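Here's the letter readout for the chains.
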Amino acid sequence: MTTHSIAVASPVRKQFQFAIDRGGTFTDVYARCPNGKTRILKLLSEDGTDYSDAPREAIRRIIEQETGKPLSQDTPINTSNIDWIRMGTTVATNALLERKGERMVLVITKGFRDLLYIGNQSRPKIFDLKIETPDVLYEDVIEVDERIVVQQAKNQRNELETNYPVVTGITGENVKVWKSVDAQQVRIALLKCYSQGIRSAAVVLMHSYTYPEHEIAIGEIAKEIGYTQVSLSAQVMPMVRIVPRGFTCCADAYLTPSIRRYVNSFAQGFKGGVEKLNVLFMQSDGGLTPVDRFTGSRAILSGPAGGVVGYALTTYNKETNLPVIGFDMGGTSTDVSRFAGQYEHVFETTTAGITIQAPQLDINTVAAGGGSMLIFRSGLFIVGPESAGAHPGPACYRNGGPLCVTDANLVLGRLLIDHFPKIFGPDKNESLDLDASRKALEKLTTEVNEFLRTNSLPPMTVHEVAMGYIRVANESMCRPIRVLTEARGYDASKHVLACFGGAGGQHACAIAKSLGMKTIFIHRYAGILSAYGMALADVVQEVQEPCAKVYEKGNFAAIDDRIHVLAQRCVDKLMDFGFQRDMIELEPFLHLRFEGTDCALMCGNSDVPANEDSSKYGDFRAAFMGRYQREFGFTLQNRNILVDDIRVRGMAKTGLQNQVVIPKATGPPETIKVVECYFDSRFMPTKLFLLETLQCGHQVEGPAILIDPNFTVLVEPGCVATITEAGDVRIDVLTTSAQRLSTRLDAIQLSIFSHRFMCIAEQMGRVLQRTSISTNIKERLDFSCALFGPDGGLVANAPHIPVHIGAMQETIQFQIKAFAGHMKDGDVFLSNHPQAGGSHLPDLTVVTPVFLPTGTKPIFFVASRGHHADIGGITPGSMPAHSNSLLQEGARFKAFRLVENGVFQEEALIAALMEPANHPGSSAARNIRDNVSDLQAQVAANHKGIQLMLELCESYGLEIVQTYMKYIQDNAEVVVRDLCRTVGQTMKEKTGSSRLFAEDHMDDGTLIVLQVDIDVNEGSVVFDFNGTGIEVFGNCNAPRAVTYAAILYCLRCMIGHDIPLNQGCLNAVTVIIPKGTILNPSENAAVVGGNVLTSQRIVDVIFKAFEACAASQGCMNNITFGDETCGYYETVAGGAGAGPSWDGRSGIHTHMTNTRITDPEILEKRYPVILRQFSLRPKSGGKGAFNGGDGVIRELMFRKNLTLSILTERRVFRPYGLQGGEPGLPGRNVIQFKDGRAVSLGSKSSIEVEAGDCLILETPGGGGWGDRRSRDPSKQKSGNRTFYEKGSLYDYRSAQEGAPL
């Protein structure tokens, strides 16, 4: 590979310097000319008629205009007068989103051909029956019969592990080479793919992060054959966990050729190419890299990263010393980030369904941009997530597009047509179309007013409707900012809002007001800040390697040695690029975590100097402990700290250093004209200023509009804009957005309060995650937080774990009855009992009533439900396979006063957690310290919810807040009634009756029967379970709360779009469950299986009655193994049911669970098992016009003697098909003993296994839909989603929606 020297930027170089952000819609250019002049240019990124490449065309135009010498588009550009070119590009991102990368083959360890298809087995949208996941990147798969196993000294030896060579891996761990690579077989397989035209390969082998030799050998064979791109996972990102490492490797193999093609195409426009030209590309981590080192896996955030660098280096410590929130609002989405002196990186995030394991700036993308569509649905103003994109764009773009946020701003006078570029219409030479925007808004206003009329509410004007959508859009963008800051323990109001991007300036003041921010900073190049950031950025070289050592004195020398080696690699590479050693800065990092946890933090050495008890590079322990304390509120004592990875970041300074200073104002600012602009409820005279005419010290009071050719700034009433000496805009926010409302329903406020209530519930969850101590809550995120009205009715529940949805309401109302007249301020209650609204005993619910200072009755309630790892009972984990009484499943709390008069009742709590030991065969809770700590965290989360709710009451008044709680519940009721009317009418037309019926069986033969009666006129529905089988002796009895949760889940799925999930959803629903049945068992009936198994069968029966889709696998496939030293629990994916227009997804979790599965490498490192196979189970899905999804095959070989427990269903009765579709295959549980004998275990079993025994789990497939003879392959493929959220907030929510039960 050619190495390019990098010329260091000089303020006096007499050459052109170009910084370019090639975005999806526009290409932004910042250029420094030889005479010191600055040029700004914005072009359409795609314009097939005028030019073939926007960055090259921009360079040509600027050089031509500045030199006065004509440059033909067909003539290569002379590079002699170009100092450097820096570029960010969406080439990789677009190829990933559109799946237009290189044809490639995946080479993976035998038994794992479908591993990256299955991924972590969770579905991206828990309420989508049509499960859509992005396509895999590879075209073919080669399985290599090789195997590396990490040695576990603590396991008892057995004959299976004694005869293999042992080698030491990169991490220092000993690994066993169970099987080496058969080079001849690999060559034959690679040649076959090569003959089919595939030229790119991704090699992903088990445990290659520590033993890469097998990958290297395969890579050499591929190169010998002629593969032009060979990506080895151990080189692309040498980190443990094969699934994200495999995704990253595939992304590299898939995208890097696309980048090369683009670079080569770009280079063809220059004389001699770019060999001697200083071309740098922005990487996702915010650093520049030479063109020949720019790879696909590090290019995903190439453009947005420039914006973060831009605001970080131009805003922080400039006007104030506050940390900064970056707010980049574009056409399709908005990017939110944070900077407080150091870039905030994440090291694993998901983009377009592909998990990328590489350093990336933590940029959170949410679906709210200028092109976000405006929708009115069932009384709610909805903005996005659907977007008009760049084409057709909003209605005003003259391409027949839908009504969007940009249209609303245009109609309100916030966008000025005369100051907008004329690039619209079929010939791209027309201005914005105000008439099109107004007509679309008039049509929507008619729809809004029809709803208002039917609810006896006054009509709204077009401008009131437009303003309403702007306010809803603003609130939707405030929500991620609140959560982003709260997640790290910060106050959003104590930040500066740095606004950039084309659309952000129109919304900045309103957002700052809503968040309580006092200062907004808008850089003079805000319209092209991503490009400008690239001009400021450093060249970065990063090196990382895995580690497996304890951070302790005895290992410091080895750790320091590796830091030194990695640092030298960075220095050598940067010096190869042409930098002197004194220009290079090095930052070492250790990726640290407490032993026994999964929460690793990347910790640097900034502000933690070395001492005699630390590494010589810094006190990384202090850095880790300080950050852990800040983010989580505590640290773990007497626990080893493990080093997962060692990383060194080398930075060479090459950015612009000069500071622009503009003339000081000598008079008032010049008003260009006065326009009418709409604010709140009326048009107001609004002064218009050209930003280029304003001088240092000029102040502009709102309302006003500041115009720049590339962006518009709306200065709202109550705000004052000041021009700084650098020509930037600082806006001081003098008033807040608090307002008084009437109790009459306001459709706009209904949408805003819906966001605010949900945001409060989300922030409660963040506090719970930060302050909890157990792995289940802190890392697996198995909890829900919710708000309730004064009657205990659910108002907002976030995030959504299906089996928790709606289930907490019954718990709150039970406490209200139990403590009627005895609730007082300072009380907190604890409950988990099935008769009190509990789902199963490990789910402990903490309930806090909220009082006014002088009140005697609660004004509302807050609650949090968390899954505790153990609360006693007959087996560790409190989920026994063979319990037949609730007494065997752990500690029970019906209505327990956890806090009284503000005092935590620890002594009484511990006594209750010890109580299960009084029952034969049962144990007390096995880790009471964690139980107590997590319950205290739940109390703290509730307290946060109280604080935020009281702040809301202070802003709007208690009466208004309670009124809108009721309105939001009423709105959900309207949505459900609309669904009932639609379904009932359809069934009447089809069958002559609106009565539905379905039944299904549990594997023991117990019948679940459902009759649904829909009143089409009222929009009400009765779910009648009469005929359902009686309570069972085992543990598949389901508490009433589980049935309610299943009904609410099914209703939400069938509605098909986001709605507030609250009590209102069930106001139109009557549920009849006979006592003594499996769905309404006696007080001491065992229920642990009801929560994880029967819940799935309830869902199957409901969907069968409504004919919504065929049955999915109908099981969670619960597997537990362990002994006195370890314990492990997992649920395993299966096939999803097909529907009227879709195939069921294979290898996915469905309905009432969405649990992520442990990565195979982590599983084998920490637990005494070998995962021999994890792949799809071919032909297990039912055939039909649309096929059911396939189940999976999972083979676990045990490395020591253990107890194995299996709790499953659908091993007898097959998942049904609908409309002539065939049923899926039932599952199978087989134990293959080490002597070769195979035995079926049935649905539920608990046995002792020995080292060498193997569990073979085959999970059920989904049912098919329609007659297989009518299958039309052309109808099977579904398009991918057009918008993908990304960033740590999305990853957090996905993790919680994938939490265990």
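Given the structure is predicted, the values throughout are model-derived calculations rather than measurements. Starting afresh in each chain, residues are numbered from 1 along the sequence in its written order. The model is predicted, so local features are restricted to residues of pLDDT at least 70 and side-chain atom pairs to those at 80 or more, both for listing and for counting; the totals for chains, interfaces and linings are taken over all residues. Side-chain measures here rest on the full set of heavy atoms in the structure, leaving out hydrogens and waters.

**Some thoughts on the overall build of the protein**
Piece 1. Per the secondary structure count, the protein includes 26 helices and 55 strands.
Piece 2. C-alpha atoms define the radius of gyration in this analysis, and the globule rule sets the expected value at 2.2 Å times the number of residues to the power 0.38. Whereas a compact globule of 1301 residues would reach a radius of gyration of roughly 34 Å, the protein reaches 31 Å, a difference of no more than 12%.
Piece 3. Counting across all 1301 residues of the protein, residues that qualify as buried make up 64%.
Piece 4. By definition, residues are in contact when any of their heavy atoms lie within 4.5 Å. For the protein, the share of sequence-separated contacts (at least 6 apart) that also reach a separation of at least 24 residues comes to 72%.
Piece 5. Throughout, the Shrake-Rupley method with a 1.4 Å probe supplies accessible areas, and for residues the shown protein chains are the sole cover considered. Of the roughly 46100 Å² of accessible surface on the protein, a fraction of 48% belongs to carbon and sulfur atoms.
Piece 6. Here the protein contributes 130 positively and 142 negatively charged side chains, and the mean placements of these two sets differ by 2 Å. Numbering of helices and strands runs from the N terminus; a helix is a DSSP stretch of H or I covering at least four residues, while a strand is a stretch of E covering at least two. The buried label goes to any residue with under 20% of its type's maximum accessible area, the exposed label to any with over 50%, and the partly exposed label to all in between, with areas taken from a 1.4 Å probe on protein chains only. Only four residue types enter the charge count: Lys and Arg as positive, Asp and Glu as negative, with His and the chain ends excluded. To locate a charge, take NZ of a lysine, CZ of an arginine, CG of an aspartate or CD of a glutamate.

**Considering the pairing of strand S5 (residues 104-109)**
Where a strand is regular, its side chains alternate between the two sheet faces.
Piece 1. Here S5 lies mainly inside the structure; 6 of its 6 residues are buried.
Piece 2. Taken together, the 5 bridges between S5 and strand S10 (residues 200-204) define a ladder with parallel strand orientation. Bridged to Val105 within S10 is Ala201.
Piece 3. Pairing analysis gives 5 bridges linking S5 to strand S6 (residues 140-144), with the strands arranged parallel. Across the sheet, the residue bridging to Leu106 is Val141, located in S6. Any two strands with at least two DSSP-identified bridges between them are counted as paired.

**Comments concerning the nonpolar core**
Piece 1. Only buried residues count toward a nonpolar core. Its members are Ala, Val, Leu, Ile, Met, Phe, Trp, Tyr and Cys residues joined through side-chain atoms within 4.5 Å. Counting 228 residues, the largest nonpolar core has Phe18, Ile85 and Phe757 as its most contacted members.
Piece 2. Looking at this core, the element that brings in the most residues is helix H7 (residues 242-267), giving 14 residues.
Piece 3. If near-sequence neighbours (up to four positions away) are discounted, Ile85 is found in contact with Phe18, Ile20, Ile59, Phe266, Phe270, Leu277, Asn278, Val279 and Leu280.
Piece 4. Membership of the second largest hydrophobic core comes to 74 residues, among which are Phe127, Cys1036, Leu1066 and Leu1207.

**Concerning helix H14 (residues 553-576)**
Piece 1. What a helix is expected to span follows from its residue count: subtract one and scale by 1.5 Å. The first and last C-alpha atoms of H14 sit 35 Å apart over 24 residues, in line with the 34 Å expected at 1.5 Å per residue.
Piece 2. Of all the positions in H14, only Asn555, Phe556, Ile559, Asp560, Ile563, Leu566, Ala567, Cys570, Val571 and Leu574 are classed as buried.

**Some thoughts on the side chain of Gln17**
Piece 1. Counting through the fold element by element, Gln17 comes out in strand S1 (residues 16-22).
Piece 2. A distance of 2.8 Å separates polar atoms of two side chains, one belonging to Gln17 and the other to Asp83. The term polar contact refers here to a pair of N or O atoms within 3.5 Å; inside protein, the definition further demands a hydrogen-donor-capable atom paired with an acceptor-capable atom, and it admits residues adjacent in sequence only when both atoms are side-chain atoms.

**What about the sheet that holds strand S8 (residues 166-168)?**
Piece 1. If you trace the 3 strands from one edge of the open sheet to the other, you get S7-S9-S8, paired in antiparallel fashion. The strands lining the two open edges of the sheet, one partner per strand, are strand S7 (147-150) and S8. Neighbour-to-neighbour, the strand axes of the sheet open up by a mean angle of 35 degrees, direction not taken into account.
Piece 2. Across 4 bridges, S7 lies against strand S9 (residues 174-179) in antiparallel orientation. By the bridge assignment, Ile148 is partnered in S9 with Val177. Here an angle of 0 to 180 degrees is reported between the N-to-C directions of two axes, which are lines fitted to C-alpha atoms, with helices fitted over the stretch in contact.

**A short note on the packing of aromatic side chains**
Piece 1. Aromatic contacts are taken between Phe, Tyr and Trp rings whose centres are within 6.5 Å, Trp giving its six-membered ring; a plane angle under 30 degrees counts as stacked, one over 60 as edge-to-face, and the others as tilted. Under the criterion given, the structure shown has 33 aromatic pairs.
Piece 2. Judged by centre distance (4.9 Å) and plane angle (65 degrees), the ring pair of Phe594 and Phe624 falls under edge-to-face. Placement of Phe594 in strand S26 (residues 584-594) and of Phe624 in helix H15 (residues 620-632) is noted, with a sequence separation of 30 residues between them.
Piece 3. Of the aromatic side chains, those joined through ring pairs into one cluster are Phe753, Phe757, Tyr956, Tyr964 and Tyr967.
Piece 4. Over the aromatic face of Trp84 sits the side chain of Arg86, whose NZ or CZ is 4.2 Å from the ring centroid. Only when the NZ atom of a Lys or the CZ atom of an Arg is both within 6 Å of the ring centre and within 35 degrees of the ring normal do we say a charge sits over the ring.

**Focus: the environment of Asp1190**
Piece 1. Checked against the element boundaries, Asp1190 lands in the loop between strand S49 (1169-1176) and strand S50 (1192-1198).
Piece 2. Through-space distance from the C-alpha of Asp1190 to that of Ser1180 is 4.9 Å; in sequence the pair is 10 residues apart.
Piece 3. There is a polar contact of 2.8 Å between the side chain of Asp1190 and the backbone nitrogen of Gly1181.

**Some remarks on the packing of helix H16 (residues 747-771) against helix H21 (residues 958-991)**
Piece 1. Running from amino to carboxyl end, H16 crosses H21 at an angle of 100 degrees, the nearest separation of the two axes being 10 Å. Taken together, H16 and H21 sit at an angle that is classed as roughly perpendicular. Where H16 abuts H21, its residues Gln749, Leu750, Phe753, Ser754 and Phe757 lie against Ile960, Val961, Tyr964, Met965, Tyr967, Ile968 and Asn971.
Piece 2. Amino acids outside the nonpolar list (Ala, Val, Leu, Ile, Met, Phe, Trp, Tyr, Cys, Pro) and the charged list (Asp, Glu, Lys, Arg) are all regarded as polar, and Gly is one of them. Of the residues in the contact of H16 with H21, the class split is 9 nonpolar, 3 polar and no charged. Relative orientations are named as follows: roughly parallel for angles under 35 degrees, roughly antiparallel for angles over 145 degrees, roughly perpendicular for angles from 65 to 115 degrees, and oblique for any other angle.

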